[in-house]
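Structural characterization, general
Residue-level listing of the chains:
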Amino acid sequence: MAAYHRPSELTEALEILAAAPVTVAAGCTDLYPATQAKALPGDILDITAIDALRGIAREDACWRIGAATTWTDVLNADLPATFDGLKLAAREVGSVQIQNAGTVAGNLCTASPAGDGAPCLLTLDASVEVQSAHGRRVVPLSSFLIGARRVELQAGEMVTGILVPAAAGAGGGDFLKLGARKYLVISIAMAAARIDVADGAIREAALAIGACSPVATRLPALEDALRGVALAEAAARVTGEMVAPVLSPIDDIRGDAAYRVEAATELMRRLLARCAARRMEAAA
Amino acid sequence: MNRPFGKCQMRVNGAETPFAAAPGRRLSEVLREDLGLTGTKVGCDAGDCGACTVLLDGAAVCACLTPSVRADGAEVVTVEGLGALVPRLQRSFLRHGAAQCGICTPGMLVAAAGLLRGTPAPDRAEVEEALGGVLCRCTGYAKIVDAVCDSAFEADPGEASPGPAAGAAVGARLERLDGGPKVTGAEMYGADHLPEGALEVRAIRSPHHAARFALGDVAAWAAAAPAPVHVFTAADIPGENLFGTIPVFVDQPALAEAHVRQRGEAVAIVVGETAALDALDFAAFPVTWQPEEAVTDLSAPLPDLHAGRPGNELIRGVVRCGDAIMALAGAAHVAEVTVDTAYVEHAYIEPEAGTAWIDGDTLVIRACTQAPVMDRDETAKVLGLPAERVRVIPAATGGGFGAKLDLSLQPLIGLAALKTGRPCRMVYSRAESMASTTKRHPARMTGRIGCDTAGRVTGMTFDGDFNTGAYASWGPTVAVRVPVHASGPYRMEHYHAVARAMHTNGPAAGAFRGFGVPQAALVQETLFDDLARAAGIDRLEFRLRNALVDGDRTVCGQRPGGIGIRDCLVALSVAWNRALAEAAAFNEAQGVVRRGVGVASCWYGCGNTGLPNPSTVRVGITAAGRLVLHQGAMDIGQGANTVVAQLCADALGLPVGQVSLVDGDTAKTPDCGKTSASRQTYVTGKAAMLAGRALRGTILAMSNMGEDAALSLEGDVLRVHDGRGSRDIRLADLPVDAHGYVLAAEETYDPPTVGLDADGQGEPYAVYGYGAQMAEVEVDTALGTVKVRRMTAAHDLGRVVNPLLAEGQVEGGIAQGLGMALMEEYVPGRTENLHDYLIPTFGDMPEIRSIFVEKPDPEGPMGVKGLGEHVLIPTAPAILNAIRHATGARITRLPALPHRVLAAIRAAR
């Protein structure tokens, strides 16, 4: 008979992890669809009773999104404008039912190329906190996601939180998702942006594209090119040459590769235009 | 370290409920199987459909994605508990016609209840956002949004509306007579009935599109199981191991013998206690596959799949009149197009499910269906039983749209029950349902149409290959129907149309709302836009010039009466001119987003094509004064239970509210044929009208009263009265007949048709319905995305029996047409779930305006024409024509996914 562990303390969870291989279960919105069985298969470590892992907290150097924090928790949290993109992404994850159960950390651990969480968290310079019975390490998100459905997690380890550095609190975030229908849709392409502006010019632009490569990716060339540029002119600076080289999309049932690159470029352009328009509105 | 999970307790619908949970077991399983709360439905087991939505501590979650242990100590609300929470909401669903088949209704209601707790009077956007995670395949969502928005203003649930008076049922906006259980969760679908001691049935299915296979030591595998199980294979089938829908094309084994021709084909069933099956390793089932080269589309030839069908051509249908080649040669303008369409999945939210048991010497099958008598006869043949020893009790059916016309699990559960002597239940998984049941035919069609300088169509050719997959199913029907309808409802003196049903290793393509006509309409309607442009004529005007009118001959040489297509097109004209002007004004801005308007028509013959398809209806009155209608037309959500009763009640002259319904149980009710071909309102409706009229005749004769006398049924007294006097018939004094009635009538109606000759000439249908739809779209020319803003749908129903239900058909048909146009593409082996296979959600539907035209049909009951399939036919071509109007992009491959639209926009520049 398979074991089902549901500890209320993190230390307990880490001991269970150390003892034998288990599947870590949080929202279960990806685990159940992967089986036709009536119950989760194998030995399970359910982390949703660990209160310490739930919620978003401001710590000295960062914001901590606990590993059991749901998308709805993100939506309901009082967060600065830099998290606005993540909140928009939260609203577009599956459906209300999925948002009420699914977790941000679980979304990263599933590591779907079309995962809705990764692009915004990349623009937030997020890291992943990983713990085991033997200790704790912090892995930059860009290193944590190593491929389609592959993450940098060793046996006996689990994700305990997502850390967003205080420095990423500057500026405003935004997000756009393209799918073939409105709700319950897997992205064809996504664009995320966090932009810090001083005196009308871009001080820092953190930009990312999702669903167009095995893992979501930042756009360093474009970010460099936009530094110092007036926000109002940013959209016009987006070219395929600055976006396409870092993408490696596939052809699938949702769209072909060439289209994805083009759509990603267009989404990024629109995202920057929307950021500019919003700033104009705020200034007016 | 671990808490003991043995003693869990949740507060379900206000009652403390202990449950012995395996902690990782889906909450949906605990609610349904352990606690008997079957109102919570399971549509996908993956969070893709939302049918299993419950409130967990006030938050909407999918019960199928929730480990049951998380309900321990929690408050859970299911549909069964909503009466106390939001009673007006359920009432509002009924009044608005928000429940059709009802399978998604519990999920919709619970999600809405979650919203209404915090937002008692939500706006449409809030409703769409909150309910967006629940899929509906019937309604097109608009009436659900209306019902939730209006629920706060609903009358007290205690106040029942009186209902229409005698003789006033037809035409009334009557809520469905069978709606009550659909909103309380009490409705019993195939998966909801679990007899005492029932065993579970699971199938072993082919993972390959084509393979030879050999079974290993099945007995040893079964014997090694942790608990007793039975395995049955083709060798155990007592009768003829073949089923089908059309006698001469029967070709599908219930369990394959040595050879599978499509993925998902069953080769064995395993039967046992649920726990025993759950403990089995199905991956270790002893079967050896030898995959064969397979082709699932029309791109490449493959060896013959069936003997006697050379070149894999199952059948071809032809309609020919005049000399189309010559007419095209002499035309002022000629347009040509080739269109490719995809496999389309029915995607009803209820996967196939049912139960079988032995009652005396009768095998009883209670399962989802669109055709109880066909199910009985085919199942009996496979199981080697005389038909009278099989009884089919139709379960409430959670959507069908054509695929539940075919047998699916009936022979399998029947075999299991016969062999074990125990009741047996089978519930398909979503993947199993999608892989193994029928689809809409993918088609590759080429058409040419010519017209003169005045825009009068002179001739048309049509040539289509329809991928009918591995087995015949309804492929012959598609091949025969398409050439009859590919002209659209237009005059074509010179016409030559050919449609072939071609076998591949794709899933068997069968019946799907429209039988190939929605595909064919894409060709003709695309070409009409080409020709209107070439001739410099407004596109609506072009259609008006060519529309059939009474006295015209169809391409089959028939002269139908009551042709309403012109009236439908005229009904669109005000909206058409308004929409064109609005689009032009919008497009003046030269933005990235452009608007366009498109129009397309439909016609569709109701009933079988030139073949008999009778319905028989019995209506009776008991000694106690109960008026009973044996209504055998399967109601799969479309509303036959209500409209057939309306027609019967008015013919009889008693209020429809007094009608009690008996369903299509083959032991109780005469055969009303299958729910397909838009035939039930017309054919069964006519039989019901005739039966009602006959019963009335008997009553009037008994009381010696004239035709204008009024009836009233009060207790066990039937009163017949007119201006001159009144007679009472004391029902208890009359003798009781074999069916238990003191007064009864039974009538059969079969549409008068003339079979088609070699050139497709004849009178294939006695009644046709007509319609025209206008689409207004917005196309993002940089992303290729399409948003349908508004659909205006004018349909000629002859006589509208029930406007509320008719609107529901229009809205639901448009939703399916929109899905076919923009997003639906079933790829065998790749999209066997509802997140890769996309159907429209709340957020994808346009505003829909229905306009009903009533041009009475001389043959239909009270003038009635069919509607169910018509509504889907014009939607996709209207949308494609609107995309073209907006951008110049001529889409010739469906679905019009963003990357295809963008490529077409580029090609047009």
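All residue numbers refer to positions counted from 1 along the written sequence of the respective chain. Chain letters and ligand numbers both follow the written order, the letters beginning at A and the numbers at 1. Only residues with pLDDT of 70 or above have their local features reported here, since the model is predicted, and side-chain atom pairs are shown and tallied only from 80 upward, although totals for entire chains, interfaces and linings are computed over all residues. Excluded from the side-chain calculation are hydrogens and water; included are all heavy atoms of the structure.

Assigned secondary structure in chain A consists of 11 helices and 14 strands. Computed over its C-alpha atoms, the radius of gyration of chain A comes to 19 Å, within 12% of the 19 Å expected for a compact globule of 284 residues. Taking the principal axes of its C-alpha atoms as reference, chain A extends roughly 60 × 45 × 30 Å. Contacts spanning at least 24 positions in sequence make up 61% of the contacts within chain A whose residues lie at least 6 apart. Element-wise, carbon and sulfur atoms account for 53% of the exposed surface of chain A, whose accessible area totals about 11,000 Å². Between the mean site of the 26 positive side-chain charges and the mean site of the 32 negative ones, chain A shows a separation of 4 Å. A helix here means a DSSP run of H or I that spans at least four residues, while a strand means a run of E at least two residues long, and both kinds are numbered starting from the N terminus. Only C-alpha atoms enter the radius of gyration, while the globule expectation follows 2.2 Å times N to the 0.38, with N the number of residues. Any two residues whose heavy atoms approach within 4.5 Å are treated as being in contact. Values of accessible area rely on a 1.4 Å probe in the Shrake-Rupley scheme; residue burial ignores everything except the protein chains shown. We count Lys and Arg on the positive side and Asp and Glu on the negative side, and we leave His and both chain ends out. Charged side chains are reduced to one point each, which is NZ for Lys, CZ for Arg, CG for Asp and CD for Glu.

Quick look at the overall build of chain B now. Within chain B one finds 22 helices and 33 strands. What you see for chain B is a C-alpha radius of gyration of 27 Å, in line with the 29 Å of a compact globule of 909 residues. Each principal axis of the C-alpha atoms in chain B carries an extent, and together these give about 80 × 80 × 60 Å. Expressed as a percentage of its 909 residues, the buried residues of chain B come to 66%. Sequence separation of at least 24 residues holds for 78% of the intrachain contacts in chain B that already meet a minimum separation of 6. Surface accessibility of chain B: about 28,600 Å² in total, with carbon and sulfur atoms responsible for 51%. Distance from the positive charge centre (81 side chains) to the negative charge centre (102 side chains) of chain B: 3 Å. Remark: exposure states derive from per-residue accessible area (1.4 Å probe, protein chains only) relative to the maximum for the residue type, with buried under 20%, exposed over 50%, and partly exposed in between.

Definition of nonpolar core: a set of buried residues of the types Ala, Val, Leu, Ile, Met, Phe, Trp, Tyr and Cys, connected through side-chain atoms within 4.5 Å. In this structure, Met268 of chain A together with Phe93, Met108, Leu131, Phe462, Ile879 and Ile883 of chain B are the most contacted members of the largest nonpolar core, which totals 212 residues. Setting aside chain neighbours within four positions, we find Phe93 of chain B in contact with Ala98, Ala99, Thr105, Met108, Leu109, Ile144, Ala147, Val148 and Val183 of chain B. Formed by 81 residues, the second largest nonpolar core is a distinct cluster that contains Ala126, Val130, Leu145 and Met190 of chain A.

Turning our eyes to something else, we now look at the packing of helix α18 (residues 640–652) of chain B against helix α19 (residues 680–703) of chain B. A packed helix pair is summarised by two numbers, namely the angle formed by the two axes and the spacing between the axes. All names here are of chain B. Convention adopted: a line fitted to C-alpha atoms gives each axis, helices being fitted over their contacting stretch, and angles between N-to-C directions are expressed from 0 to 180 degrees. At a minimum axis separation of 7 Å, α18 and α19 run at an interaxial angle of 25°. In terms of orientation, α18 lies roughly parallel with respect to α19. Seen from above, α18 lies across α19 with right-handed handedness. Contact residues: α18 offers Val643, Val644, Leu647, Cys648, Ala651 and Leu652, while α19 offers Gln680, Thr681, Thr684, Gly685, Ala688, Met689, Gly692, Arg693, Leu695, Arg696 and Ile699. Note on terminology: angles under 35 degrees are roughly parallel, angles over 145 are roughly antiparallel, angles of 65 to 115 are roughly perpendicular, and the others are oblique. Helix crossings are classified by the rotation of the near helix relative to the far one: an anticlockwise turn of less than a right angle makes the crossing left-handed, while a clockwise turn makes it right-handed.

A few words now on the side chain of Thr526 of chain B. All names here are of chain B. Residue position: Thr526 is located in helix α15 (residues 517–535). Thr526 gets classed as buried once you look at its relative accessible area, which sits at 4%. For this analysis, a polar contact is any N or O atom pair within 3.5 Å, provided that within protein one partner can donate a hydrogen and the other can accept it, and provided that sequence-adjacent residues contribute only side-chain to side-chain pairs. A distance of 2.6 Å separates a polar side-chain atom of Thr526 from the backbone oxygen of Leu522.

Let us now look at the interface of chain A and chain B. Opposite the 45 residues of chain A that make contact, chain B presents 59 residues. Where chain A abuts chain B, roughly 4,300 Å² becomes buried across the two surfaces, and 56% of that area is made up of carbon and sulfur atoms. Salt bridges, as used here, are contacts in which a Lys or Arg side-chain nitrogen is within 4 Å of a carboxyl oxygen on Asp or Glu. The interface formed by chain A and chain B contains six salt bridges. There are 22 residue pairs in polar contact (both at pLDDT 80 or more) connecting chain A and chain B. It is helix α11 (residues 257–283) of chain A that provides the largest number of residues to the side of chain A that touches chain B, a total of six residues. Residue composition of the side of chain A that touches chain B, grouped by class: 23 nonpolar, 10 polar and 12 charged. Note on terms: buried area is the combined drop in 1.4 Å-probe accessible area of two parts once they are placed together, counting the loss on both. The nonpolar class holds Ala, Val, Leu, Ile, Met, Phe, Trp, Tyr, Cys and Pro. Asp, Glu, Lys and Arg form the charged class, and all remaining residues, Gly among them, are polar.

Attention shifts here to the pairing of strand β26 (residues 659–662) of chain B. Residue and element names in this part refer to chain B. Of the strand pairs in this sheet, strand β25 (residues 627–630) and β26 are connected by four bridges, and their pairing is parallel. Each bridged residue has a counterpart across the sheet, and for Val628 the counterpart in β26 is Ser660. Following the chain from β25 across α18 to the adjacent parallel β26, one finds a crossover that is right-handed. Here, any two strands with at least 2 DSSP bridges between them count as paired. A crossover counts as right-handed when, viewed with the strands pointing away from the observer, the path leading from the first strand over the helix to the second turns clockwise.

Attention now moves to the pattern of salt bridges. Residues and elements named next belong to chain A. Scanning the entire structure with this criterion turns up 88 salt bridges over all chains. The salt bridge partner of Asp46 is Arg6, with a shortest N-O separation of 3.3 Å. Of this pair, Asp46 sits in strand β3 (residues 44–46) while Arg6 sits in the loop between β1 (4–5) and α1 (10–19), and the two are 40 residues apart along the sequence. Grouping residues by exposure puts Asp46 and Arg6 together as buried.

With that out of the way, let us pick up the domain arrangement of chain B. Residue and element names in this part refer to chain B. Structurally, chain B comprises domain 1 (1–165), domain 2 (199–294 + 349–399 + 403–436), domain 3 (443–608 + 758–908) and domain 4 (615–749). Domain extents, as shown, originate in an automatic or database domain assignment. On a C-alpha basis, the centres of domain 1 and domain 4 stand 37 Å from each other. When the buried surface of domain 1 facing domain 4 is broken down by residue, Gln100, Pro164 and Ala165 rank first, second and third, together holding 77% of it. In this structure, the connection of domain 1 to domain 4 is made through zero residue pairs in polar contact (both at pLDDT 80 or more).

Next up on the list: the sheet that holds strand β18 (residues 424–427) of chain B. All names here are of chain B. The mixed open sheet is built from seven strands, whose spatial order is β8-β10-β6-β18-β15-β16-β17. Both edges of this open sheet fall to β8 (229–233) and β17 (390–394), since each of them pairs with a single strand only. Here the strands of the sheet are splayed against their neighbours by 25° on average, with no regard to which way each runs. Bridging between β8 and strand β10 (residues 266–272) involves five bridges; their strand directions are antiparallel. The residue of β10 that forms the bridge with His230 is Val271. Sitting on the sheet, helix α11 (residues 372–382) touches β16 (362–367) and β17, and the angle it makes with β17 is about 145°.

This part is about the environment of Gly725 of chain B. Residues and elements named next belong to chain B. In this structure, Gly725 sits in strand β29 (residues 725–730). Linking Gly725 and Met705, residues 20 residues apart in sequence, is a C-alpha distance of 9.1 Å. Not counting residues within four places of it along the chain, the set of residues in contact with Gly725 comprises Met705 and Val720.

Residues and elements named next belong to chain B. Reading across from one edge, β23-β31-β32-β33 is the order of the four strands in this open sheet, with mixed pairing throughout. Looking at strand neighbours, the two that pair on one side only are β23 (593–605) and β33 (847–853), the edges of this open sheet. Neighbour-to-neighbour, the strand axes of the sheet open up by a mean angle of 15°, direction not taken into account. Across 10 bridges, the pairing between strand β31 (residues 768–780) and strand β32 (residues 786–796) is antiparallel. When the bridges of β32 are listed, Glu776 appears paired with Arg790. The strands that helix α20 (residues 803–822) touches are β31, β32 and β33; relative to β33, the one it contacts most, it runs at about 125°.

Turning our eyes to something else, we now look at unusual backbone geometry. The amide bond that connects Leu894 of chain B to the next residue, Pro895 of chain B, takes the cis arrangement and shows omega of -5°. Mapped onto the fold, Pro895 of chain B is located in the loop between α21 (875–887) and α22 (898–908). One non-glycine residue, Asp199 of chain A, lies in the positive phi region at around 50°. You can see Asp199 of chain A is positioned in the loop between β12 (189–198) and β13 (201–210). Judged by its relative accessible area of 83%, Asp199 of chain A falls in the exposed class.

Residue and element names in this part refer to chain B. The criterion for a disulfide is a pair of cysteine sulfur atoms lying within 2.5 Å. Within this structure, the stated rule accounts for zero disulfides over all chains. Between Cys52, a cysteine without a disulfide, and Cys64, which holds the nearest cysteine sulfur, the sulfur-to-sulfur distance is 3.8 Å. The thiol of Cys321 is unpaired, and the distance to the nearest cysteine sulfur, on Cys556, comes to 8.1 Å.

We now examine α11 of chain B. Residues and elements named next belong to chain B. α11 sits mainly inside the fold: eight of its 11 residues count as buried. Those residues of α11 not exposed but buried are Pro372, Val373, Asp375, Arg376, Glu378, Thr379, Ala380 and Val382. Just downstream of α11, Gly384 is the residue with a positive phi angle, here 70°.

With that settled, consider the environment of Glu262 of chain A. Position of Glu262 of chain A relative to the elements: it lies in helix α11. Residue Glu262 of chain A is classed as partly exposed on the basis of its relative accessible area of 29%. In this structure, the C-alpha to C-alpha distance between Glu262 of chain A and Ala26 of chain A, residues 236 residues apart in sequence, is 35 Å. Contact partners of Glu262 of chain A, with chain neighbours within four places excluded, come to Leu902 and Arg906 of chain B. In terms of polar contacts, Glu262 of chain A uses its side chain to reach the side chain of Arg906 of chain B, at 2.3 Å.

The subject of this paragraph is α20 of chain B. Count 3.6 residues to each turn of an α-helix, and residues three or four apart come out pointing the same way. All names here are of chain B. Compared with an ideal rise of 1.5 Å per residue, which puts 20 residues at 28 Å, α20 spans 28 Å between its outermost C-alpha atoms and is within 8% of the ideal. Burial runs high along α20: 20 of the 20 residues are buried. Near the N-terminus of α20, the side chain that reaches the backbone nitrogen of Leu804, with its oxygen 3.0 Å away, is that of Asn802. To estimate how far a helix should extend, the number of its residues minus one is multiplied by 1.5 Å.

Let's shift gears to the pairing of strand β1 (residues 8–12) of chain B. All names here are of chain B. Here β1 shows a buried face lined by Cys8, Met10 and Val12 and an unburied face lined by Gln9 and Arg11. Where β1 and strand β2 (residues 15–19) come together, five bridges link them in antiparallel fashion. Looking across to β2, one finds that Val12 is bridged to Ala15. Taken together, β1 and the strand that follows it, β2, pair antiparallel across an intervening segment of two residues, in which Asn13 is found at a positive phi of about 50°.

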